[in-house]
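# A closer look at the structure
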Amino acid sequence: MKFPKLDISSWILIGLSIGLLVYTGMRASMLSMTHDESSTYLNYINQALWECFYLPVCWGTANLHLINTLLMQITVGLFGADEFFVRMPNLIGHLIYLISSGLLVRSISSNHWLRIACFLLLNTNPYLLEFFSLGRGYGLACAFMMMSLYYLYKFLTNKQANALIWCYIGAILAILSNFTFLNYWAALTAVIGLMVIQAYLQKEFIPALSLNSPKPEGASMSAITPTRMLLISVSSAVLLLLFLYFPISYLRQLGEFEYGSNTLAETYTRLLNDSIQTEGYFGKNTLPTFRIIGLAFALPALLTGLIAGRKKETALQQYLFSSSVLVLIFFLAIITQRYLLGTKYLVDRKAVIFIPLMGIPVVMTLQYWGRRYTKVMTGFAIVLTGFLVLHMSRTFNLTQCQEWYYDAYTRDMLEYVSTRVKPGERVKLGGYWLFTHSSNFYIESQNLDFVGPMRYEKKVRTDRLYDYYYVEPSHGDIIHPDYVLEKRFGWVARLYRRKDVVPYDGVAQSL
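The structure reproduced in this document is the subject of the present report. Within every chain, residues take consecutive numbers counted from 1 along the sequence as written. With pLDDT at 70 or above as the cut-off, local features in this predicted model cover only qualifying residues; side-chain atom pairs require 80 or more to be listed or tallied, and sums for whole chains, interfaces and linings still use all residues. As a rule here, side-chain values come from all non-hydrogen atoms in the structure, and water together with hydrogens is ignored.

## Quick look at the environment of Leu 244
Applicable threshold: Elements are defined by DSSP. Helices are runs of H or I of four residues or more, strands are runs of E of two residues or more, and each kind is numbered from the N terminus. Burial classes: relative accessible area under 20% of the type maximum marks a residue as buried, over 50% as exposed, and values in between as partly exposed (1.4 Å probe, protein chains only). In this analysis, two residues are considered to be in contact whenever any of their non-hydrogen atoms come within 4.5 Å of each other.
With respect to the element layout, Leu 244 can be found in helix H10 (residues 226–253). In this structure Leu 244 comes out as buried when scored by relative accessible area, which is 4%. A C-alpha to C-alpha distance of 38 Å links Leu 244 and Gln 367, two positions 123 residues apart in sequence. In this view, Leu 244 contacts Ile 175, Leu 176, Phe 179 and Leu 182; residues no more than four positions away in its chain are not counted.

## As for the packing of helix H2 (residues 35–44) against helix H3 (residues 66–79)
What counts is decided by this rule: Axes here refer to lines fitted to C-alpha atoms; in helices the fit is confined to the stretch in contact. Angles between the N-to-C directions go from 0 to 180 degrees. Reported orientations rely on four angle classes, namely roughly parallel under 35 degrees, roughly antiparallel over 145, roughly perpendicular from 65 to 115, and oblique for the rest.
Contact pair H2 / H3: the axes reach a minimum separation of 11 Å and the direction vectors enclose 75°. Of the possible angle classes, the one that applies to H2 and H3 is roughly perpendicular. Here H2 contributes Thr 40, Tyr 41 and Tyr 44 to the contact with H3, which in turn contributes Asn 68, Thr 69, Met 72, Gln 73 and Val 76.

## Details of the state of the cysteines
Basically, it comes down to this: Counting rule for disulfides: a pair of cysteine sulfur atoms within 2.5 Å.
The tally for this structure, following the rule as stated, stands at one disulfide. Across the disulfide, Cys 52 is cross-linked to Cys 58 (sulfur-sulfur distance 1.9 Å). Given an S-S torsion of about -70°, the disulfide between Cys 52 and Cys 58 has left-handed geometry. Residue Cys 58 is classed as buried on the basis of its relative accessible area of 0%. Unpaired in terms of disulfides, Cys 118 finds its nearest cysteine sulfur in Cys 142, a separation of 18 Å. No disulfide involves Cys 401; its nearest neighbouring cysteine sulfur is the one of Cys 142, lying 15 Å away.

## What about the sheet that holds strand S2 (residues 468–471)?
We count it as follows: Two strands qualify as a pair provided DSSP detects at least 2 bridges between them.
Pairing in this open sheet of four strands is mixed, and the strands run S1-S2-S4-S3 from one edge to the other. Two strands lie at the open edges of the sheet, namely strand S1 (429–431) and strand S3 (483–489), each paired on one side alone. In this sheet, neighbouring strand axes are inclined to one another by 25° on average, regardless of whether the strands run parallel or antiparallel. Note: S1 against S2, three bridges, orientation parallel. What sits directly across from Gly 430, in S2, is Tyr 469. On the sheet, helix H16 (residues 410–419) packs against S1, S2, S3 and strand S4 (493–498) and is oriented at approximately 130° with respect to S3.

## Some details on helix H11 (residues 264–276)
For an α-helix, the turn length of 3.6 residues means that residues three or four places apart are oriented alike. For the record, the criterion: One less than the number of residues in a helix, times 1.5 Å, gives the span that helix is expected to have.
Here H11 contains 13 residues, and its C-alpha end-to-end distance of 18 Å stays within 8% of the 18 Å for a straight helix at 1.5 Å per residue. All of the buried residues along H11 are Thr 267, Thr 269, Leu 271, Leu 272, Asp 274, Ser 275 and Ile 276. Residues of H11 that are buried in the fold lie against helix H6 (126–130), helix H12 (286–307), helix H14 (354–370) and helix H15 (374–395). Gln 277 sits one or two residues past H11 and shows a positive phi near 60°.

## Thoughts on the packing of aromatic side chains
Formally: Each Phe, Tyr or Trp ring (for Trp, its six-membered ring) is paired with any other whose centre lies within 6.5 Å, and the angle between the two planes then decides the class: stacked below 30 degrees, edge-to-face above 60, tilted in between. Only Lys NZ and Arg CZ are tested; either one counts as a charge over a ring when it is within 6 Å of the ring centre and within 35 degrees of the ring normal.
In this structure the tally under the stated criterion is 37 aromatic pairs. A ring pair is formed by Trp 59 and Phe 179, whose centres lie 5.7 Å apart and whose planes are at 35°; its orientation type is tilted. With Trp 59 in the loop between H2 and H3 and Phe 179 in the loop between helix H8 (161–177) and helix H9 (182–202), the pair connects residues that are 120 residues apart, well separated along the chain. Exposure remark for Phe 179: the relative accessible area of 15% places this residue in the buried category. Note on Phe 441 and Tyr 442: the rings are 5.1 Å apart at their centroids and 75° apart in plane angle, and the pair reads as edge-to-face. Classification of Phe 441 by relative accessible area gives buried; the value is 0%. Residue Tyr 442 is classed as buried on the basis of its relative accessible area of 1%. In this structure an aromatic cluster arises from ring pairing among Tyr 405, Tyr 406, Tyr 416, Phe 435, Tyr 470, Phe 489 and Trp 491. Positioned above the aromatic ring of Trp 433 is the side chain of Lys 458, whose terminal nitrogen or guanidinium carbon lies 3.5 Å from the ring centre. Sitting above the plane of the Phe 489 ring, Lys 487 keeps its charged end 5.6 Å from the centroid.

Remember, this is a structural readout, not a statement about activity or role.
Okay, structure coming up:
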């Protein structure tokens, strides 16, 4: 087999991909289990998932992310209930995301610095990276959406049915990974629908889809027709209806789609805060400054896509226009849902979809202007690369995540308690509800014999029931005065011991 020759920037993209995958792999192995991924394990590790498509048994909450859970069952079944193997599906998702984004960036530009800057822009957001190292569906959903977006570019380039089919496969897999991504499929289908309508009404289309135009360079003689495009879109809709009708009906009855923000401004601000994390580049003005910077990237990108992309002279312009329209339709869809259905806007982990979705028009715009103002945009790409590398280095951590920060030391807490219990004895360990699922993951999966399952209690107890009590720092003034502080765990939690409990100085059990 003869492999294509790679230039220097392609090798750099491969090296960056390996580095990012190693980073998320290390986090997957080293981070303490978090509340939601532990809940998935405890509730669904032995669940027959095929029942979830027609029975309410699975849908007590929206915590079940179908593909993530299915793959988790496989990896845990093969390798055991170690944190790394619980999270392995999302590491696989990260590989898909890296490959898809790398191929896309490599396809649209030959400028080395622009390639690197655009790849980093799509791949180094620390909040996005969190979800590739956790056992939830958000990382997988972003990966499959990026795969879909890559094949949308391929479709606009070669006009083949296979590319559009893979584009829709990616969109469907994203939805089955997390139902929030249904809006992406809807926006994608609207864009394809507009292409079909334009082709039928004007007999003039994006070059290779024109009903009467000659085949452009690179397109196959078997280029897809508008009718086949419509058939593929309708087929995807039928599949989703079969998969999702009952699950979404159950979840709506439970009010699971009512969580979110009341304004898009709040969504934007919180997503920026999640992405900046604790880095105060401009002191107290950091967040306001990044609000302006974010808009300075997003708004011109969408405007460029709608104006410059309309000419559709190249595949880059076609994709720039299509991705910009897709984003605008996506926003229109969520605004319509807000006012017609009363749903709230996406926020925090549910808003992670905006990072790759909005990143694509920005990347396309940088490439578009890079072809016209090469030297200026190369200089800009170098500066952008420098900042993105700096931010990645400053947000690098192997201890905790932004979303479930409170579980950073749950595993450490259990290891510590194990040193305070005499071999063969048991203690009553209690905890605030935030810590319950992650504690029970270790108690159940590791068969810990010095504690029993932790109770799920929404309110902090004021009696003396437990020997040890693991709570948030602010709860120290609420619990019974017979408890004394045993150990601080960072700034997120405190472990208290009842005064009459005599601790044992032993060796920690390995979890």
